Structures are given as structure tokens and as C-alpha cells.
Amino acid sequence: MSTTATDVNQSADAGGTEWDPIFDEVGLPKDPTNIYTQTVASMLQAAEIINLRHRVRIILAQPKNEIMVHFPVRMDDGHHKLFKGYRVQHNNAVGPYKGGLRFHQDVHLDDVKSLAFLMTMKCALVRVPFGGGKGGVNCNPRELSPGELERVSRRFTAAIANDIGPDYDIPAPDVGTTAEIMAWIADTYGALSGRHGPADPFAVVTGKPIAVGGSLGREKATGQGVVDVLREMLPDLDIPVEDMRVSLLGFGNVGSWAAKILSDLGANVVAVMDHTGAIRNTEGLDVHALADHVAEHGGVAGFEKKTGTGGHARHCGEGCDVISEDDFWTTPVDVFIPAALEGMVNEERAKQLHCRVVAEAANAPTTPEGDAVLASRGIEVIPDMLCNAGGVTVSYFEWVQNRSNVTWDVEQVDRELNRIMCMAARRTIVAKQKYDVSMRLASYIAALEHLGDIYNHRGIWP
Ligand code: GLU
């Protein structure tokens with residue numbers, strides 16, 4: 001017998017999500033503030049709606065492997081420092097574990113577990129043949145010299161070298177990691193693995209520089225995917241992409257590329273905030289000039305001192321004003337794009353937002369409390385799993401090119417990315433309409449339907 005969305009909501013209201021017996025069964029803390037518990041709770045809610053088999057629910061509720069390593073690195077002043085690294089391999093039923101490596105001072109196990117889980121869901125939703133993984137090193141890359149950063153990357157690779165591989169687990173860039181770091185990882189892995197030929201060991205990571213097997217279009221891919229999804233979904237909400245107003249939280253790789261592509265399409269990016277400050281121009285910021293500024297100075301702060309706009313962006317006014325955090329959150333826009341870290345759209349911020357759509361370019365940017373506020377205010381959320389899947393999708397194209405010794409031109413990459421993102425968006429809309437649920441639950445449902453199907457066919461050995 002199938003369960004309706006209303007049944008599930010009632011059971012969730014009565015504590016059904018938090019108290020799902022599966023938490024006990026798989027040994028997870030029933031702590032509603034724990035980020036991994038929250039992630040699994042959303043999955044279980046979707047699983048209930050589609051009557052997913054119990055065995056698939058318990059498999060997905062815990063990662064397959066949680067690898068934690070400690071390794072020493074010689075710092076520039078000659079002393080050695082011990083670093084802690086993680087690689088969580090959540091699921092590989094669909095294909096090799098896949099997901100980024102994060103270098104950040106807040107990286108911790110539950111966080112990495114949640115992000116690995118999200119990768120399983122993301123790959124299943126867009127139907128690329130990868131499972132989910134995530135890793136990271138607890139460090140602040142901004143405080144490391146280039147030499148220290150390279151030694152951290154190489155020692156971390158050595159520490160996990162037996163746990164990754166082009167057929168088994170394929171890392172990629174994430175917050176705080178770059179194409180250059182991917183090149184160091186590939187080189188270290190190649191040296192340690194004893195595999196011959198440049199193509200094979202280098203397929204151990206994606207997001208590499210073009211010169212060492214990277215794909216055209218990979219650097220902008222996550223931002224491009226965000227735009228592809230917006231262009232597919234916004235017409236249904238009567239928001240014309242060509243002259244919509246946008247604000248962005250975070251202006252790293254994903255935020256800056258989304259902003260540049262949107263601005264080139266005619267959208268007005270009116271406010272941007274990052275770890276260095278917040279700026280606004282109600283006529284539109286010159287986001288191309290802003291991206292150049294951030295590349296040089298590490299953040300948006302100081303952009304207001306620039307005279308002129310650089311003249312790249314088609315829709316922008318002159319200069320900008322420095323604004324407070326509260327002014328940033330309350331700036332009226334059509335679409336707000338969180339493109340920074342987890343949990344930033346909390347209850348308080350969700351109440352302040354003045355937008356019609358939240359497009360989650362970051363992973364897990366909205367807390368469950370924030371999500372509830374957005375829902376009660378009728379703000380549509382395009383969930384992370386769908387919205388930022390462009391990165392891993394082009395990672396898949398990179399891997400395919402490496403494995404088959406071919407290169408695609410950027411038009412082919414963009415075309416295939418657009419096809420996959422639009423199909424995933426449609427899949428999510430179909431699930432939303434069929435089950436009358438939020439877009440977030442719909443994306444979980446569309447992913448779980450695929451995973452459930454795979455486990456039905458494969459069975460569970462022996
Ligand atoms: N770190 C990116 C993400 O969270 C990309 C992962 C990948 O390309 O494997 O989706």
C-alpha cells in the first residue's frame with residue numbers, strides 16, 4: 001500500500017522524521033541539530049512517500065566507508081604540523097564513488113558524511129553513473145603558502161592513495177581546492193600507484209587543468225548548471241531570466257561563474273556578499289570586473305574603491321556601495337543564490353530574504369528551520385542536489401574523455417550538460433507534481449526512485 005505525502009507530513013509533524021526507527025537501527029544519533037541526521041531525515045521522508053524498500057533505506061542511512069587519516073607536513077619555518085583528513089565513501093551501487101575534496105578549517109566528519117550522501121543523491125538524480133563520496137582536510141588554505149599547500153595535498157593523497165582510484169573513487173575540487181591541487185593529487189597518485197600511461201592514473205581526479213587531462217567547460221560547469229536549471233524552471237514561475245534581479249552569497253568559483261553567465265544573459269546581479277563584506281548596486285554590479293577583483297584580492301571587499309566598471313557586463317551601473325549584512329539579506333531580488341557554505345540560510349535569514357526563488361548553488365546552504373520558513377512564505381527553493389549538479393556532470397564528461405582518450409570541444413560539453421540538467425529539472429518537476437511535495441523532497445524522490453530500481457535489479461549479495 002502506498003503512503004501519501006499527507007500521511008508522511010503528519011508523521012513528520014508528530015516527530016516521525018526524527019524518531020524514525022531506522023535511526024536506532026543503524027546507530028545514528030536522534031539529534032535534530034546534527035547535520036548528518038538532518039540529511040538522512042529528509043531522505044527517509046522521501047523514502048516513505050515512495051515506499052522505498054527497507055533494505056535500501058538502511059543501506060543509504062550510513063556511508064559504506066568513513067576514512068580518517070592524520071599526516072604530518074613540514075611547514076615553511078621547518079616545524080612539522082599534523083593534519084587531519086577525511087574521505088567518506090557513501091555509496092557505489094551506481095558506479096565509482098565520486099565527489100569533491102574540501103580544504104577548510106571547519107571540515108569535520110558529520111559534515112563530510114552529509115556532503116558524501118548528497119553526492120550519491122546528486123549523481124542518481126542526474127543519472128550519471130557514479131556513486132557518492134566526499135573528503136577534505138581540516139586546514140585553512142588561505143593561511144598556507146603555495147609550498148605548504150602542495151605538501152598538504154600530496155601527503156593527504158599518499159594517506160588515502162589505497163582508497164581512491166579511477167575505477168573506484170574519484171575526487172574533484174570543492175570549497176578551498178583548485179584545479180592545481182587536482183594536478184598534484186593526480187601526479188602523486190600516478191607516482192605511487194605504479195600504473196603506466198598518463199591517461200589512466202590521471203583519471204583518478206576530475207577538475208584538472210586542461211593541460212593535464214581536464215575538460216573544457218569544467219571550471220564554469222557548476223555555475224553553468226545553475227543557470228541551465230534556472231532557465232528551465234523560471235519560465236514556469238513567470239520570472240524572465242533576461243531581466244531578473246539576483247543576489248549572491250559567496251563569490252568563489254560557483255558564485256562568480258553563475259553571476260557572469262547570468263549577467264551576460266541580461267540579468268542584474270544587484271548584491272554580493274562573501275567572507276570579506278557585502279556590496280550592492282541596484283542597477284547591477286559589473287560582475288566580470290568583480291570576478292577579476294576577487295581573483296586578485298581574495299574577496300569582494302575593496303571593490304567599491306574601483307572607479308568605472310571595467311565595461312564587461314552588459315547590465316550594470318557604475319561602482320557600488322558597501323552594505324551591512326542585514327541590508328544584503330533584505331535586498332529585494334527575484335532570485336537569491338547561496339553559493340557559499342552549509343547552513344547559512346537559517347531561520348532568521350530566511351525571514352529576512354526578500355525574493356521569490358532560492359537557487360541552492362552551494363551544498364546544503366539551508367537549515368531545516370530555514371527551509372520551513374521559506375516554505376511558509378511561499379518562496380520556491382531549487383534544491384542543491386539539482387541546482388549544483390553541473391559540476392559533477394562535467395566531471396563525468398572529463399572522466400569519460402580521459403578513459404577513452406578523446407577531447408570534447410566546449411560546445412559539446414555545454415550541450416550535453418544542458419541536456420542532462422534540463423532532464424533532471426523535468427524529472428524533479430514531475431515528482432513534485434505527482435506527489436504534491438516541495439522541490440527538495442521531489443529531488444530526493446527522483447534520486448531514490450533510480451537507486452531503488454538499481455537495488456531491485458542487483459539484489460543484495462549473497
Ligand atoms: N564538489 C562538487 C560538488 O559538490 C563537484 C564534485 C565532482 O565533480 O565530483 O558537486
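Preceding block: the structure.
Because the structure is a prediction, the values reported are computed rather than measured.

1. Description of the packing of aromatic side chains
Logical step 1: A complete count under the given rule lists 13 aromatic pairs for this structure.
Logical step 2: Judged by centre distance (6.5 Å) and plane angle (45°), the rings of Phe117 and Tyr444 are tilted. Placement of Phe117 in helix α5 (residues 109–126) and of Tyr444 in helix α18 (residues 439–458) is noted, with a sequence separation of 327 residues between them.
Logical step 3: Since its relative accessible area comes to 0%, Phe117 is described here as buried.
Logical step 4: With a relative accessible area of 5%, Tyr444 lands in the buried category.
Logical step 5: Ring geometry for Phe130 versus Tyr396: centroids 5.6 Å apart, planes at 90°, classification edge-to-face. Note that Phe130 is positioned in the loop between α5 and β4 (132–138) and Tyr396 in helix α16 (residues 390–404), a separation of 266 residues in sequence.
Logical step 6: What makes Phe130 buried here is its relative accessible area of 1%.

2. So, the sheet that holds strand β5 (residues 169–173)
Logical step 1: Reading across the sheet, the 5 strands line up as β1-β2-β4-β3-β5 and stay open at both edges, with mixed pairing between neighbours. For this open sheet the edge positions go to β1 (65–74) and β5, each flanked by a neighbour on one side alone. The average undirected angle you get between the axes of adjacent strands in this sheet is 25°.

3. Here's the deal with the sheet that holds strand β12 (residues 380–382)
Logical step 1: Taken together, the 7 strands give an open sheet; going across it, the order is β9-β8-β7-β6-β10-β11-β12, and neighbouring strands pair in mixed fashion. At either end of the open sheet lies a strand with only one pairing partner, and these are β9 (321–323) and β12. The sheet shows a mean angle of 20° between the axes of neighbouring strands, taken without regard to direction.
Logical step 2: Bridge count between strand β6 (residues 245–249) and strand β7 (residues 268–274): 5 bridges; the pairing is parallel. Bridge pairing links Ser247 to Ala271 in β7.

4. Some remarks on the site of the ligand
Logical step 1: Taken together, 14 residues lie near the ligand, and Lys98, Lys122, Pro173, Asp174 and Ser395 sit nearest.
Logical step 2: Take Arg218: an N or O atom from its side chain is 3.1 Å from an oxygen atom of the ligand.
Logical step 3: Out of a free accessible area of 300 Å², the ligand has 94% covered by protein chains.
Logical step 4: Of all elements in the fold, only β3 (97–104), α5, β5 and α16 reach the threshold of two or more residues within the shell around the ligand.
Logical step 5: Classifying every residue of the shell around the ligand gives 4 nonpolar, 5 polar and 5 charged.

Thresholds, definitions, all that
Each chain carries its own residue numbering, running from 1 in the direction its sequence is written. In keeping with the predicted nature of the model, local features appear solely for residues at pLDDT of at least 70, side-chain atom pairs appear and are counted solely at 80 or more, and the whole-chain, interface and lining totals rest on all residues. Excluded from the side-chain calculation are hydrogens and water; included are all heavy atoms of the structure. Whether two aromatic rings pair depends on their centres lying within 6.5 Å, for rings of Phe, Tyr and Trp, where Trp uses its six-membered ring; planes under 30 degrees apart make the pair stacked, over 60 edge-to-face, and the rest tilted. Helix and strand definitions follow DSSP, with helices as H or I runs of at least four residues and strands as E runs of at least two, each counted in order from the N terminus. To sort residues, take the accessible area from a 1.4 Å probe on protein chains only and compare it with the maximum for the residue type: under 20% means buried, over 50% means exposed, and anything in between is partly exposed. The criterion for strand pairing is that DSSP finds at least two bridges linking the strands in question. Interaxial angles span 0 to 180 degrees and are taken between N-to-C directions of axes, which are lines fitted to C-alpha atoms, for helices over the stretch in contact. We define proximity as follows: a residue is near a molecule or strand when any one of its heavy atoms falls within 4 Å of that partner. Definition of a polar contact: a pair of N or O atoms within 3.5 Å, with one able to donate and the other able to accept a hydrogen when the atoms are protein atoms, and with sequence-neighbouring residues admitted only if both atoms are side-chain atoms. A 1.4 Å probe and the Shrake-Rupley method give the accessible areas. Residues count as covered only by the protein chains that appear here. Each residue is assigned to one class: nonpolar for Ala, Val, Leu, Ile, Met, Phe, Trp, Tyr, Cys and Pro, charged for Asp, Glu, Lys and Arg, and polar for all the others, Gly among them.

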